[in-house]
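Notes for the structure review
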Amino acid sequence: MTYNHIFKDGLVITKKLLGPRMNWQKTYSALTNKPNIDYYNLGCRLKNRKSLTNHLKDIADLRIDLITSTNKNFLLSEKYHFKSFRPESLYLREVLIYANDLPVMYARTVLPYRYLRGHWSGIKKLKSSPLSEVVYERPSIKRSTFSYAIPTTTSIKKAIPCNALRADIAIARQSSFTYKKESILLSEFFFKALNKFEY
């Protein structure tokens, strides 16, 4: 159970954080027990801190579909990362990424709405452009270490809006980008089809 401790008027108010839960780990090696997955090929991408979309553009026809949905189901890790903000004050960008018309990734970017008034304002203008256009724009933007997870059926159902794609998730990765003490959180869900493309 995850709790958020809020200080108000000298008192500590404990609030239980609710949302789809995933067991994130710092290494992906313990998660590589699924059959029919080329984890050597996938592992090269999982550990690479550079832009995956930029790499895919070099080897395939890349397409990014922006998901427009009013249903915001934040992951528990997303709520915890921004525990000083109310969920209704968080902005969510969801995209499906295709390579040669095959779905290879579902990605969600979360940040407080107020950060959209600063450097991160470019995120709202991306539409079907990759997030890499913003997060790799300046060398001073720092990316955190990765966390990995095998999504459970429940977490996938609540997080991913596309029913037909939920069964094709192989693994998920999460990291943050920080610029001038303002961070955004990126969660990437990799589909099995990604293994069709050599690294």
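So, a few notes on the structure that sits alongside this text. (Residues numbered from 1 in each chain as written. Predicted model: local features only at pLDDT ≥ 70, side-chain atom pairs only at ≥ 80, totals over all residues. Heavy atoms only, no water.)

Examining unusual backbone geometry
For clarity, the threshold we go by: Elements are defined by DSSP. Helices are runs of H or I of four residues or more, strands are runs of E of two residues or more, and each kind is numbered from the N terminus.
Phi angles above zero are rare outside glycine, and lysine 127 is one such case at about 55°. Within the element layout of this structure, lysine 127 appears in the loop between β5 (102–112) and α4 (132–135). Positive phi is not limited to glycine here, since lysine 180 has a value of about 50°. Relative to the elements of secondary structure, lysine 180 occurs in the loop between β8 (169–179) and β9 (182–191).

Observations regarding the environment of aspartate 101
Basically, it comes down to this: Polar contacts here mean pairs of N or O atoms no more than 3.5 Å apart (in protein, one a potential hydrogen donor and the other a potential acceptor; neighbouring residues in sequence count only if both atoms are side-chain atoms).
Residue position: aspartate 101 is located in the loop between β4 (90–99) and β5. Placed 41 residues apart in sequence, aspartate 101 and alanine 60 show a C-alpha to C-alpha distance of 9.3 Å. Within polar-contact distance, the side chain of aspartate 101 engages the side chain of arginine 63 at 3.1 Å.

Things to note about helix α2 (residues 52–59)
What counts, and what does not: Three labels apply to residues, based on accessible area from a 1.4 Å probe with only protein chains included: buried if under 20% of the type maximum, exposed if over 50%, partly exposed otherwise in between. In this description, one arc is meant: the one made by directions from the helix axis to the C-beta atoms.
Along α2, the positions that sit buried rather than exposed are Leu52, Thr53 and Leu56. What you see down the axis of α2 is that its buried residues fit within an arc of 90°, all on one side.

With respect to the packing of aromatic side chains
Defined as follows: Here is the rule: rings of Phe, Tyr and Trp (six-membered ring for Trp) pair when centre to centre is within 6.5 Å. Planes less than 30 degrees apart are stacked, more than 60 are edge-to-face, and the remainder are tilted.
Across all of its chains, the model carries 6 aromatic pairs by this definition. On the basis of an interplanar angle of 80° and a centroid distance of 6.0 Å, the ring pair of phenylalanine 85 and tyrosine 115 is categorised as edge-to-face. With phenylalanine 85 in the loop between α3 (76–81) and β4 and tyrosine 115 in the loop between β5 and α4, this residue pair connects regions lying 30 residues apart in the sequence. We note that phenylalanine 85, like tyrosine 115, is buried. On the numbers, 5.6 Å between centres and 70° between planes, the contact of tyrosine 91 with tyrosine 113 is edge-to-face.

So, the pairing of β8
Threshold: Any two strands are treated as partners once DSSP identifies two or more bridges connecting them.
Counted residue by residue, β8 has 10 buried out of 11 residues, so it is predominantly covered. Inspection of the sheet shows strand β6 (residues 142–143) paired to β8 by 2 bridges, in the antiparallel sense. When the sheet's bridge partners are listed, lysine 142 is paired in β8 with threonine 178. Pairing geometry for strand β7 (residues 147–149) and β8, over 3 bridges, is antiparallel. Along β8, the bridge assignment pairs tyrosine 148 with arginine 173. Pairing analysis gives 10 bridges linking β8 to β9, with the strands arranged antiparallel. Paired with phenylalanine 177 across the strands is isoleucine 184, a residue of β9. Connecting β8 to the antiparallel partner β9 that follows it, the hairpin turn spans 2 residues, and lysine 180 within it adopts a positive phi of roughly 50°.

Focus: the side chain of serine 176
Note the following rule: Throughout, a contact is declared for two residues whenever any of their heavy atoms are within 4.5 Å.
Inspection of the secondary structure puts serine 176 in strand β8. Judged by relative accessible area, serine 176 falls into the buried class, the value being 10%. Not counting residues within four places of it along the chain, the set of residues in contact with serine 176 comprises His81, Lys142, Arg143, Ser144, Ile184 and Leu185.

The values reported here are purely geometric and, on their own, carry no functional implication.
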